[in-house]
Amino acid sequence: MGKKLVVDVYKVTQSFPKEESYGLVSQMRRAAISIPSNIAEGFNRFHNKEYRQFLYIAIGSCAELETQVEIAFELKYLGEISKNELLEAIDHESRMLRNLIKKL
């Protein structure tokens, strides 16, 4: 799910204005990439405590991305359907991460 979210963010941000290339586009892509990257890095650690910490970082990136999606919508860079689809995917990812943390 995390990698699909990255691809979706890259696709929707391609249509953002050029002046946002180093602003909102960069921030949204960075936050999206951070989610599966932190999951992967944490998974390869030796202790559950370290893994859990990386999962919390991934949850923080979900929160960042959620805020950025809302801002993009308010700036009219995203339509309502795209906004809702992204927010639903982010919410799903966050819930899966929280459930995984509970099981560790």
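Before reading on, note that the structure itself is shown above.
Residues numbered from 1 in each chain as written. Predicted model: local features only at pLDDT ≥ 70, side-chain atom pairs only at ≥ 80, totals over all residues. Heavy atoms only, no water.

1. Observations regarding the nonpolar core
Membership of the largest hydrophobic core comes to 26 residues, with the highest contact counts inside it found for Leu5, Met28, Leu65 and Val69. Among the elements that make up this core, the one with the highest residue count is helix 3 (residues 48-74) (eight residues). Excluding residues within four positions of it along the chain, Leu5 makes contact with Ile35, Leu65, Leu86, Ala89 and Ile90. (Core = buried A, V, L, I, M, F, W, Y, C linked by side-chain atoms within 4.5 Å. Buried < 20%, exposed > 50% of the residue type's maximum accessible area, 1.4 Å probe, protein only. Helix = DSSP H or I, 4+ residues; strand = E, 2+ residues; numbered from the N terminus. Contact = heavy atoms within 4.5 Å.)

2. Points about the environment of Leu5
Checked against the element boundaries, Leu5 lands in helix 1 (residues 2-13). A C-alpha to C-alpha distance of 15 Å links Leu5 and Thr67, two positions 62 residues apart in sequence.

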